[in-house]
There are 2 protein chains.
Amino acid sequence: MSILVVGSVAFDSIQTPHGAVDHCLGGAATHFALAASYFTPVRVIAVVGKDFTAEHEAVLTRRGIDTRGLERADGLSFHWTGSYVNSLNEAQTLGTDLNVFANFEPKIPEAYKDSEYLFLANIDPVLQARVRSQMPNVKMVCGDTMNYWIADHAANLAKVLRELDVLLINDGEARMLAGEKNLVLAAKKVLEMGPKTLVVKHGEYGATSFFGDRSFGDGIKASHPFRAPALPLAEVVDPTGAGDSFAGGFYGYLASQPELTPAVFRTAMFYGGVMGSFAVEKFGTERLQGVTREEIDERFKLFMEISHLDTTRA
Amino acid sequence: MSILVVGSVAFDSIQTPHGAVDHCLGGAATHFALAASYFTPVRVIAVVGKDFTAEHEAVLTRRGIDTRGLERADGLSFHWTGSYVNSLNEAQTLGTDLNVFANFEPKIPEAYKDSEYLFLANIDPVLQARVRSQMPNVKMVCGDTMNYWIADHAANLAKVLRELDVLLINDGEARMLAGEKNLVLAAKKVLEMGPKTLVVKHGEYGATSFFGDRSFGDGIKASHPFRAPALPLAEVVDPTGAGDSFAGGFYGYLASQPELTPAVFRTAMFYGGVMGSFAVEKFGTERLQGVTREEIDERFKLFMEISHLDTTRA
């Protein structure tokens, strides 16, 4: 079933120990959409500038992504400049040019209105809430955010959190949002803020999901967390978009399934890790554009082998 | 089969956000021996002072641990003072009084000579090598070390590494030993230094084992790492000895099995995590003294549930 994603489609200029790229296609919605497109149809809502060419759009449409919600505004696209030269674990932001993104007003095309899955990528929570309210009949809403919104836009973010089925953030963000160092206690507090389920990404160590009483249907209670592995990689070329690609693999798989069961959720966590591990192998979205379904399934199998006791029965 | 462990039996004075204890029984060999004792017979070689009473010794002997290798020296036992008040992830050492440990010369009792498994806990690599050379017929040698020996005693440590079947250290130590930030590349370099297998502990994120061509018998090649989970804990009372308890559970299980297969190794990694997770629940060795085999098996099952896709078939 279709996922509607609202977020940034942008250009990134990136330095890593493996080299540098200038103005490559990036943005949270781009990484998410490409990763999710291997599992389910995806529709994008974003704003781009005049520098966004037909060639850039083809990166999305070649993967079957619906781009009717891509608005063209007068100006340049959102441009982020970052460096991982000092640490591959955390980007050092060298520049953020919002450009046309500064006045982004998400508009939902009529053809998108029947989307059953909504993904609110990391943007202003006011915009996230606005999109959410215009999609009252979605089956599931998953959202992301970041330290900036947590610190300075807490009240607006709180409104979004109350509307989420799944919140998908990283360790530091979870701890910051809860004001609690211990991850289990932090997760408990975050779940009390609204999300039915919390997925916490640990970068090179995988991801953990924390469940609440409303995570699944009646009668199904998941009393303990679930932890998905990450693939130890000998070469991380560019970490940009790894988290968004995790989200795309995770939510894309979820949306492809008829029902949300604990087994489906676990499998989705694994596919999230799989897509995140591909994303970092090349600069920008290059690897996500070119990966094959066979490679995805093979890596899924590898994820089981690196984490399961008895893979012969898996 | 019996494990011989050589290392420190000491007293710890510990501050954590949950309180403080003064001169509780601790030391790497103590934590290791207690954790391993749930799986296989354990024999200890260490030196203690006059402050080590019959009551302290009974903590070990009640678990069936052979203490004939406990040497009594004239003076006080090794005493470590540390604080986790600022961070539960890393101890701040406030004091290290080596006392009788400063002149420790491990002596192997005749009755210990038939031990088939040797664990060299974190002590001077010169002593580790000496013990290793006196046990030429052991079936397997597993060892630990720390940043101090890596930085300042590299040549001595190199000799020990060449004699190890399994080296068991944490992330930072692996990166430091290899002089390489990327963990996969660091592991490759460490394996070239001698150990057949490297187990890297990630604290709250579990542990990963990296295999070489000689990790298993002829014809068995493990081409990818194996990652064991850690239990997300709402309350960490005292992290002291978590790594040694991991080692005890890991090696204790290994030594209890007739053969070293990949499946046995994976299961051992899980038992390591299980014993590490118990160790931190109470101050000092209290939880390790009182845990039951039923609790261990129950937690092992929980470890599978938090990390396996399909636990109904496990």
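Look above for the structure.
Please read these numbers as outputs of a predicted model, since none were measured by experiment. (Residues numbered from 1 in each chain as written. Chains lettered and ligands numbered in written order. Predicted model: local features only at pLDDT ≥ 70, side-chain atom pairs only at ≥ 80, totals over all residues. Heavy atoms only, no water.)

Colleague: What is the right way to read the environment of Phe303(B) from this model?
Modeller: Residue and element names in this part refer to chain B. Its place among the elements puts Phe-303 in helix H11 (residues 293-305). You can call Phe-303 buried: its relative accessible area is 0%. With 30 residues separating them in the primary sequence, Phe-303 and Gly-273 have C-alpha atoms 8.2 Å apart. Dropping the residues within four chain positions of it, Phe-303 is found in contact with Pro-229, Ala-230, Leu-231, Phe-270, Gly-273, Val-274 and Ser-277. (Helix = DSSP H or I, 4+ residues; strand = E, 2+ residues; numbered from the N terminus. Buried < 20%, exposed > 50% of the residue type's maximum accessible area, 1.4 Å probe, protein only. Contact = heavy atoms within 4.5 Å.)

Colleague: Just checking my understanding: could you explain the side chain of Asp66(B) for this structure?
Modeller: Secondary-structure assignment places Asp66(B) in strand E5 (residues 66-72). Residue classification places Asp66(B) among the buried positions, given a relative accessible area of 15%.

Colleague: Just checking my understanding: could you explain the interface of chain A and chain B for this structure?
Modeller: Accessible area lost on assembly of the parts is the figure often given for the size of an interface. Taken together, the contacts link 35 residues of chain A with 35 residues of chain B. Where chain A packs against chain B, one counts 2 salt bridges. Notably, a salt bridge pairs Glu204(A) with Arg175(B), separated by 3.3 Å at the nearest N-O pair. For the pair chain A and chain B, the interface holds 24 residue pairs in polar contact (both at pLDDT 80 or more). The element that contributes the greatest number of residues to the side of chain A that touches chain B is helix H11 (residues 293-305) of chain A, accounting for 4 residues. Its residues assigned to classes, the side of chain A that touches chain B comprises 17 nonpolar, 9 polar and 9 charged. (Salt bridge = Lys/Arg side-chain N within 4 Å of Asp/Glu carboxyl O. Polar contact = N/O pair within 3.5 Å; in protein donor to acceptor, adjacent residues only side chain to side chain. Nonpolar A, V, L, I, M, F, W, Y, C, P; charged D, E, K, R; others polar.)

Colleague: Before we go on, may I ask you to explain the relation of the copies chain A and chain B in this structure?
Modeller: Two chain copies, one operation linking them: a rotation about an axis together with a shift along it. With an RMSD of 0.0 Å, the fit of chain A onto chain B corresponds to turning through 180 degrees and sliding 0.0 Å along the axis. Taken together, the rotation angle and the small translation identify this as a two-fold axis. When the interface residues of chain A are mapped onto chain B, 100% of them are again interface residues, pointing to one common binding face. (Least-squares fit on C-alpha atoms with pLDDT ≥ 70 in both.)

Colleague: For this particular structure, what's the right way to read the sheet that holds strand E2 (residues 10-16) of chain A?
Modeller: Note on sheets: strands pair through backbone hydrogen bonds, and any given pair is parallel or antiparallel. Residue and element names in this part refer to chain A. Taken together, the 4 strands give an open sheet; going across it, the order is E3-E2-E6-E7, and neighbouring strands pair in mixed fashion. Both edges of this open sheet fall to strand E3 (19-26) and strand E7 (92-97), since each of them pairs with a single strand only. Pairwise comparison of adjacent strand axes, ignoring direction, gives a mean angle of 15 degrees for this sheet. As judged from the 6 bridges shared by E2 and E3, these two strands associate in the antiparallel manner. Looking across to E3, one finds that Ala-10 is bridged to Gly-26. (Pairing = 2+ DSSP bridges. Axes fitted to C-alpha atoms, helices over the stretch in contact; angles between N-to-C directions.)

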